[in-house]
Amino acid sequence: MRSAIHDVFGDPASVLYLADMPLPEPAAGDVRIRTILSPIHNHDLWTVRGAYGYKPVLPAIGGSEAVGFVDAVGPDVDKALIGKRVVAAGVHGTWAEQFTAPAASLVPVPDVISDEAAAQLIAMPFSAISLLEFLNVERGDWIIQNAANGAVGKTLAMLAHSRGIHMINLVRRDGGIDELSAFGIGNAVSTAAPDWKAKVRAMIGDAPIRAAVDSVGGVASNDLADLLGENGLLVSFGTAAGKPMQIASRAVIFKQLTIKGFWGIKISAAMPAEERRRLISELITRVASGEVKLPVEAAYDITEISEAVKSSLAPGKTGKVLLKLL
């Protein structure tokens, strides 16, 4: 089967290449899925670099999420699943014509949701909705995030709005405000302006900011800590700046701030099955209704893996880059 693989860790655009790999057979409790579309996530690229929390055995097929049709089942798995269109996430080797996944992890996709939206339905959106739960905020509360025009940032903003939670959405350039506006996302502030913190404070008035999501790190972490209210929660979600969080002790001490890390894989693994079903059901409902939009920047054939990776890494994207396998 055609697969995008790497046999060394390094720059994804350089080390990934097309190869013919053996067809996988589903083990007990697993299914095999014929891939339709698979997204290129940032964590997929960090995995190829060898710098993510999970390090695959080489040679490895890339990818961790896809939409496709079940074409075989392992022992003790209901054969009625064969032919069903499903999404699988948190798996390995989806940048291939076929891959295996635990049957229990599959999410059936209703006809109203397109392949393009289904391909990216779980990993980033589920991280976003799980993160919103993690913040423990309620309707009417104020929260803030940086990197708001990223995939998770936009989804988090749309989910927060649908739940009646007020969110300040920080972007690093003025053009990012228009990008968010195209998705119906407001309360956007560009940190390129020297008075951006004053704009934030004018937006919230006397209300405290209950929680902050930091996807940048470095000095941006301190900016969020500075804006948080008393007993606020600062969550480290990512490190786009590639630098450690820099936070002044003053804000932590005198505001009694709490700082936590969020890694979706760990959160999902510890989540009760009923809660997971509830959140996925909410996601499907909001995507189907158009409240949450999952746009596509471009779709590349698996033979164009290097070009697809470069497109995924390009700045200013408005959607996800997908790989076509069917």
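These remarks concern the structure in this document. (Residues numbered from 1 in each chain as written. Predicted model: local features only at pLDDT ≥ 70, side-chain atom pairs only at ≥ 80, totals over all residues. Heavy atoms only, no water.)

## A word on the packing of aromatic side chains
One pass over the full model with this rule turns up 3 aromatic pairs. Between Phe134 and Phe262, the ring centres sit 5.2 Å apart and the planes meet at 75 degrees, which makes this aromatic pair edge-to-face. Taken together, the residues Phe134 in helix α4 (residues 123–135) and Phe262 in the loop between β14 (258–261) and α10 (264–270) connect sequence positions 128 residues apart. According to the relative accessible area criterion, Phe134 is partly exposed, its value standing at 24%. Taken together, the aromatic side chains of Phe134, Phe237 and Phe262 make up a single cluster linked through ring pairs. Its guanidinium or amino end placed over the ring of Trp46, Arg49 lies 4.5 Å from that ring's centre, counting from NZ or CZ. (Phe/Tyr/Trp six-rings, centres within 6.5 Å; stacked < 30°, edge-to-face > 60°. Helix = DSSP H or I, 4+ residues; strand = E, 2+ residues; numbered from the N terminus. Buried < 20%, exposed > 50% of the residue type's maximum accessible area, 1.4 Å probe, protein only. Lys NZ or Arg CZ within 6 Å of the ring centre and 35° of its normal.)

## Looking at the sheet that holds strand β11 (residues 188–190)
If you trace the 6 strands from one edge of the open sheet to the other, you get β11-β10-β9-β12-β13-β14, paired in parallel fashion. Both edges of this open sheet fall to β11 and β14, since each of them pairs with a single strand only. In this sheet, adjacent strand axes meet at a mean angle of 20 degrees when their direction is disregarded. Both strand β13 (residues 233–236) and β14 contribute to a ladder of 4 bridges, which runs parallel. Counterpart to Ser236 in the pairing with β14 is Gly261. Here α4 sits on the sheet in contact with β9 (142–145), β12 (209–214), β13 and β14, set at roughly 150 degrees to β13. Across the sheet, helix α8 (residues 219–227) lies against β9, β10 (166–171), β12 and β13, angled at about 175 degrees from β12, the strand it touches most. (Pairing = 2+ DSSP bridges. Axes fitted to C-alpha atoms, helices over the stretch in contact; angles between N-to-C directions. Contact = heavy atoms within 4.5 Å.)

## Observations regarding unusual backbone geometry
Note: most residues except glycine have negative phi, and most peptide bonds are trans. The omega torsion across Leu58 and Pro59 is -5 degrees, close enough to zero to call that bond cis. With respect to the helices and strands, the residue Pro59 is situated in the loop between α2 (42–49) and β4 (60–61). Located in the positive-phi region is Ala147, a residue other than glycine, with phi close to 50 degrees. Even without being a glycine, Gln256 presents a positive backbone phi close to 55 degrees. Tracing the chain through its elements places Gln256 in the loop between α9 (249–254) and β14. Its relative accessible area of 49% is what places Gln256 among the partly exposed residues.

In short, the description is geometric, and any link to function would need to be established separately.
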